[in-house]
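An overview of the molecular structure
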Amino acid sequence: MSSNLSSAGAPRRDPADDVPALARLCSASGAEFASEVWSRQAWLSRTEELPGDIDELFSLDAVDELLSRRALRTPFLRLARNGRVVPSTSFTGSGGVGARVADQVIDDSVLRQFADGTTLVLQGVHRTWQPVGELAAGLADELGHPVQVNSYITPPQSQGFAAHYDTHDVFVLQIAGHKKWRVHEPVLDQPLPTESWDTTAEAVRARADESPVIEAVLRPGDCLYLPRGFIHSATALGGTSVHLTFGIHPVIERDVVRSILEVLETSGWRRSMPADWQPGSASGAAQIQAVLDDLAEALNDVDVDAVANLLHDRRAAQQRPEPIAPIAQAEAAASLKPGDAVRLRTHLNARLEAFGADPPTLVASGGRRIPVSVQERPAIERLLAGHTEAIEELPAAGPDDALELARRLLREGVLVPVV
């Protein structure tokens, strides 16, 4: 596959970039999806209702490339047969002389397993196949929730997993072959990550015996949205089936509550409970009530911006930004000139943070904090707006200052050069 990166690390323009990521996976409008579909109902979109070419996104050839030439290791591949996960030792081994890697995928072992009816699961495809990674990153930006992608490759007439539900939302995009899907209403509404389907296995099996809300054959280019908790199973029909599952891991209200408590914990709540502490007694209950009263008062004054920043940084750490070419980018930074142009690295989720009179800090992905000066703040605010900027036009005390700022942010992986 040819790379989508230029020699300096900036992505080449793709016509599909003009299409919102959600529109490539769902026929509902963005507004309709947000108000009527998201976390509420399953939604089937047919290929003729969706833009884009799936062959440009992923294919059977891409699967073979990953399995045979990319030196994948576990857990980037797992296998399932008759609803059970196959031990990784049956399809991995030494990377050969000098590699000192004991768990690389062995392609001929995978071949034998697949020919014998085993389903292959390529995990983290957003990290191993760039077009998929770009679409996943765009979807994460639009939905505001982290996204990861797996691919399921199923032999003809095979079912990889029994009826189950996921604890995250998914878009299932059929890439090759045909697969029959049966979808049922949840037995548990919006399950938490700790409430996997095997905790309610008997109820799941009973629900799967009922009439489905969706029973359909997905063809290449069709896409099915399933909110977390919706029970589903699928069987490949008449040929090898490949589909991509875009898993959306939603931030839920409990995550917000936990973040509020984390912020509150930074400003007090250090005193020990009394020496005669007996939580089960009447006096203990009164002491708990006193803490609740203090908590209720503190909640009225909670720093909402601090909570928002905590949630923002946590999400940013879960979603990788646009890939860059480290060597080419370092060379571009070293040879940078005032007339050159730069832009913010996409999907970076960077923000500018200031504490009172202290100098501001640029917070990038993974929670990295990059000190910047007050004088550099106007230039950084322009760059964070996401526009391409000529270095000589950035607000700064002088052209050398703007050039040095751009060079430093290129080396930090915050900016990329525009070629």
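Residues numbered from 1 in each chain as written. Predicted model: local features only at pLDDT ≥ 70, side-chain atom pairs only at ≥ 80, totals over all residues. Heavy atoms only, no water.

**A word on the overall build of the chain**
Counted only if it meets this: Where helices and strands are cited, they refer to DSSP runs of H or I of at least four residues and of E of at least two residues respectively, numbered from the N terminus. Think of it in three bands: with a 1.4 Å probe and only protein chains considered, a residue is buried below 20% of the maximum accessible area for its type, exposed above 50%, and partly exposed in between. Should any heavy atoms of two residues lie within 4.5 Å, those residues are considered in contact. Every accessible area reported is derived by Shrake-Rupley at a probe size of 1.4 Å, with residue values counting cover from the shown protein chains alone. His residues and chain termini do not enter the charge count, which takes Lys and Arg as positive and Asp and Glu as negative. Lysine's charge is taken at NZ, arginine's at CZ, aspartate's at CG and glutamate's at CD.
Scanning the chain from N- to C-terminus turns up 13 helices and 17 strands. Counting only C-alpha atoms, the chain reaches 75 × 65 × 50 Å along its principal axes. Counting over 419 residues, the chain shows a buried share of 45%. Expressed as a percentage of contacts within the chain between residues at least 6 apart in sequence, the contacts between residues at least 24 apart total 78%. On the chain, roughly 21500 Å² of surface is accessible, and the fraction owed to carbon and sulfur atoms is 51%. Taking the average place of the 39 positive charges on the side chains of the chain and the average place of its 57 negative ones, the gap between the two points comes to 6 Å.

**What about helix 11 (residues 326–334)?**
Spelled out, the test is: Comment: arc refers to directions from the helix axis out to C-beta atoms.
Every buried residue belonging to helix 11 is among Ala328, Gln329, Ala332 and Ala333, and all of these are buried. With its buried residues spanning 135° around the axis, helix 11 presents them on a single face. Opposite the buried face of helix 11, at more than 90 degrees from it, the exposed residues are Pro326, Ile327, Glu331 and Ala334. In this structure, the buried side of helix 11 is in contact with helix 13 (399–411) and strand 17 (415–418).

**Some thoughts on the environment of tryptophan 197**
Position of tryptophan 197 relative to the elements: it lies in the loop between strand 8 (169–184) and helix 7 (201–208). For the pair tryptophan 197 and aspartate 166, spaced 31 residues apart in the sequence, the C-alpha separation amounts to 7.1 Å. Contact partners of tryptophan 197, with chain neighbours within four places excluded, come to Ala163, His164, Tyr165 and Val204.

**What to know about the packing of aromatic side chains**
As a reminder, the rule being used: For this analysis, a ring pair means two rings from Phe, Tyr or Trp (six-membered ring only for Trp) whose centres lie within 6.5 Å, classed as stacked if their planes differ by under 30 degrees, edge-to-face if by over 60, and tilted for the remaining angles.
For the structure on display, the rule yields five aromatic pairs. Through successive ring pairs, a cluster of aromatic residues spans Phe33, Trp38, Phe171 and Tyr225.

**Considerations on the side chain of arginine 228**
Condition: Just to be clear on terms, a salt bridge is a Lys or Arg side-chain nitrogen sitting within 4 Å of an Asp or Glu carboxyl oxygen. Definition of a polar contact: a pair of N or O atoms within 3.5 Å, with one able to donate and the other able to accept a hydrogen when the atoms are protein atoms, and with sequence-neighbouring residues admitted only if both atoms are side-chain atoms.
Locating arginine 228 in the fold gives a position in the loop between strand 10 (223–226) and strand 11 (231–248). Although buried, arginine 228 forms no salt bridge, and the nearest oppositely charged side chain, aspartate 169, lies 4.1 Å from it. A polar side-chain atom of arginine 228 sits 2.9 Å from the main-chain carbonyl oxygen of glutamine 190. A distance of 2.9 Å separates a polar atom in the side chain of arginine 228 from the backbone oxygen of proline 191. When neighbours within four sequence positions are excluded, arginine 228 is seen to be in contact with Asp166, Thr167, His168, Asp169, Gln190, Pro191, Leu192, Pro250 and Ile252.

**Some remarks on the nonpolar core**
The condition that has to hold: Throughout, nonpolar core names a set of buried Ala, Val, Leu, Ile, Met, Phe, Trp, Tyr and Cys residues whose side chains join them through atoms within 4.5 Å.
By size, the foremost hydrophobic cluster in this structure holds 48 residues, and its most contacted members are Phe33, Phe58, Leu122, Leu139, Phe171 and Phe246. At six residues, helix 6 (residues 130–143) tops the list of elements feeding residues into this core. Residues within four places of phenylalanine 58 in sequence aside, it is in contact with Val63, Leu66, Leu122, Val125, Trp129, Val132, Ser151, Ile175, Val242 and Leu244.

**Let's talk about the pairing of strand 6 (residues 119–122)**
The following threshold applies: Strands are labelled as partners when DSSP assigns at least two bridges between them.
Residues of strand 6 alternate between two faces, with Thr119 and Val121 on one and Leu120 and Leu122 on the opposite face, all of them buried. The pairing of strand 2 (residues 77–81) with strand 6 spans four bridges and is classified as antiparallel. For arginine 78, the partnering residue across the bridge sits in strand 6 and is valine 121. Pairing of strand 6 with strand 7 (residues 147–154) involves three bridges; the strand directions are antiparallel.

**Concerning the side chain of serine 259**
Take serine 259: it is sitting in helix 8 (residues 253–265). Taking the relative accessible area as the measure of exposure, serine 259 reaches 0% and is therefore buried. A polar contact is formed between the side chain of serine 259 and the side chain of arginine 314, at a distance of 3.3 Å.

**Digging into the packing of helix 8 against helix 9 (residues 282–300)**
Stated precisely, the cut-off is as follows: Fitted lines through C-alpha atoms give the axes, limited to the stretch in contact for helices. The angle between two N-to-C directions lies from 0 to 180 degrees. Here the word oblique covers every angle except those under 35 degrees (roughly parallel), over 145 (roughly antiparallel) and from 65 to 115 (roughly perpendicular). For this scheme, ten residues count as nonpolar: Ala, Val, Leu, Ile, Met, Phe, Trp, Tyr, Cys and Pro. Four count as charged, namely Asp, Glu, Lys and Arg, and the remainder, Gly too, count as polar.
One can describe the packing of helix 8 onto helix 9 by two numbers: an axis separation of 11 Å at closest approach and a directional angle of 100°. When the axis of helix 8 is compared with that of helix 9, the two are roughly perpendicular. Residues Ile260, Leu261 and Leu264 of helix 8 form the contact with helix 9, whose participating residues are Leu295, Ala298 and Leu299. Tallied by class, the residues present in the contact of helix 8 with helix 9 amount to six nonpolar, no polar and no charged.

**Focus on the sheet that holds strand 14 (residues 361–363)**
Overall, antiparallel pairing links the three strands, which are arranged 13-14-15 in an open sheet. Taken across any chain shown, the strands that pair with only one partner, and hence form the sheet edges, are strand 13 (351–353) and strand 15 (369–371). With direction set aside, neighbouring strand axes in the sheet form an average angle of 30°. Bridge analysis of strand 14 against strand 15 gives three bridges, and the strand direction is antiparallel. Counterpart to valine 363 in the pairing with strand 15 is arginine 369. Lying on the sheet, helix 10 (residues 304–318) is in contact with strand 13, strand 14 and strand 15; it crosses strand 13 at an angle near 140°. Here helix 12 (residues 377–384) sits on the sheet in contact with strand 13 and strand 14, set at roughly 150° to strand 13.

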